[in-house]
Structure formats: C-alpha cells, structure tokens
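Spelled out from the first residue to the last, the chains are:
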Amino acid sequence: MTAETLAVLAVTVTAAAFVQGSSGLGFALIVAPVAGILDPGLLPVFVLASMIPLNLYVAWRERDALDLRGARWITGARLAATPGGLALLLLVPDRAIGLLTGVATVLAAVVSLAAPAFAPGRAAYLGAGAVTGLTETATGVGGPPLALVYQHRPPAELRATVAVCFLVGEVASLVLLFATGEGRPADLGWAALLVPAIAAGAWASRLVHHRVDGRRMRLFVLLFALVSGTGLILGM
C-alpha cells in the first residue's frame, strides 16, 4: 500500500468515525466504497476490523442507553445468519448482492417515510439481525436494517444498541472469514495502523453527539438508508 493510499484511508476513516460516533451509523457506507476503489481486496475484512475499536468506544460511552432486549434478539439472529453471509460472499456475484440489498433498503426507507411511529418488536429485531448478518459478512455494510428498526428511538439508544450489535457481529464475521481462509492478515494490520485516525474521529464526535435530537436523527436515518441503498444498487 502506497503512502498516498494510506493517507486517503486515514482521512476517510477519521471522517467516518466522526459521523458514526455522532449519529450511530455511517462508517461502513463511507469507508467501504473508498476502500473498494483503492483495493477491492480490503473488503470486507478491513472495514469490519476498523469498526471494532470505534464500536467499543461508542458502546461504552452510551452504555446507559442500551436496549438490552433488542440487542439480544438482533445479535442472536445476526450470529445465526453469519454463515449465510459467508455463503453469499463465496457463491453470489458482488453485483447481485449489492443490487438485492440496495433494493430492499430503499423499499424499507420509502415505507418508513409513510409509516407512523412504532416500537420495534421481536419480529423487527430478528429480521434486522438476519439481514445484517448476511450483508455485513459479505460486504462489510450492514447498517440500514438496524437504522430502520431504531429510527423512532432516542439517538443515544440507537447509538448504544447498534454499536453493541455491530461489535459482536464484526468479531463473529472476522472469526468465520479467517477460519475459512477468506481473510487477509494484512488487512488487520492496516486497520490497526489506522486506529489513531479512528480515535481522532471518535474523539471529535463526543463534542456533538449529545446535541442530536430525535426528529433530526430519524430524518438522518432515512436519508442514510436511501443513500446507502441507492449506492448499492448503482454498484457503489
């Protein structure tokens, strides 16, 4: 990896860590396209590994707001679906995975725009966890389903719960990817090298995260889902 490539990645993960540390979402949707352009081999291991220290920090910072019940159901479904994500990575062309996920995400966001406020239940948790397990293991991107489930919840609850769910799922995905020979050890090294950049973005996010209100968070979440879904459809 050249110095220029490393510099671009450092700037990218710093910005992405700030966005996710502030809102609870967005890291993978910012980092994955850039990493894919610079070196497609960085996906999904580099993105998954880079998110671990960030989600550790956010989960600790927002621990008092954690939705433990939702996190349990989502994590259970996410872990159960992780082998399916590996199968998608091995068997299905990248374009087909992106298209399918993008269409589902955009449809979910459009429905959510017209839907009244709701309290997520077991079915929503299980569905979000399963879809996240499939897409995050295969591509490194798994935020939209969780974003849609928690769009009407307080921002701190969204940040805490998504961070915990991501954290457990990322470790599980990495273990499975390396156990089956689909992970490159070098990608873990690059992620470790960029921990200071991630820490800088996370530190900056603490200055603004408490100012995010629920109404604006919902609009951000829906925009996030629409943009990410459209990006996947277009082969972002």
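Sequence order as written defines the numbering, with residues in each chain counted from 1. With the structure being a predicted model, the display of local features is reserved for residues of pLDDT at least 70 and the display and counting of side-chain atom pairs for 80 or more, all residues being used for whole-chain, interface and lining totals. Computation of side-chain values: all heavy atoms of the structure, hydrogens and water removed.

Engineer: Please set out the packing of helix α1 (residues 3-23) against helix α10 (residues 195-205) residue by residue, giving values where relevant.
Structural biologist: Their axes nearest at 7 Å, the elements α1 and α10 cross at an angle of 30°. For α1 against α10, the interelement crossing comes out right-handed. Residues Ala10, Val13, Thr14, Ala17, Phe18, Gly21 and Ser22 of α1 touch α10, and the partners they reach there are Ala197, Ile198, Ala200, Gly201, Ala202, Ala204 and Ser205. Polarity classes work like this: nonpolar for Ala, Val, Leu, Ile, Met, Phe, Trp, Tyr, Cys and Pro, charged for Asp, Glu, Lys and Arg, and polar for all others, with Gly in that last group. Here the residues of the contact of α1 with α10 are counted per class, giving 9 nonpolar, 5 polar and no charged. Each axis is a line fitted through C-alpha atoms, and for a helix only the stretch in contact is used; angles between axes span 0 to 180 degrees, taken between their N-to-C directions. For helices the rule is a DSSP run of H or I covering at least 4 residues; for strands it is a run of E covering at least 2, with both sets numbered from the N terminus onward. It is the rotation of the near helix from the far one that decides the hand of a crossing: anticlockwise by less than a right angle makes it left-handed, clockwise makes it right-handed. Two residues qualify as a contact provided that any one of their heavy atoms is within 4.5 Å of a heavy atom in the partner residue.

Engineer: Account for helix α8 (residues 155-179), with residues named and values stated.
Structural biologist: The end-to-end C-alpha separation of α8 is 36 Å, in line with the 36 Å expected for 25 residues at 1.5 Å each. Among the residues trailing α8, glycine 181 stands out with phi positive, at a value near 80°. What a helix is expected to span follows from its residue count: subtract one and scale by 1.5 Å.

Engineer: Could you give me a rundown of the nonpolar core, with the residues and numbers involved?
Structural biologist: Nonpolar side chains tend to gather and get buried jointly when the protein is soluble and globular. We call a set of buried Ala, Val, Leu, Ile, Met, Phe, Trp, Tyr and Cys residues a nonpolar core when their side-chain atoms join them within 4.5 Å. Here's how the labels work: a residue is buried when its accessible area is under 20% of the maximum for its type, exposed when over 50%, partly exposed in between, all with a 1.4 Å probe on protein chains only. In terms of nonpolar packing, the biggest core is built from 46 residues, with Val13, Phe27, Val31, Phe46, Val47, Leu54 and Leu146 touching the most fellow members. In terms of residue count, the dominant contributor to this core is helix α3 (residues 45-61) (10 residues).

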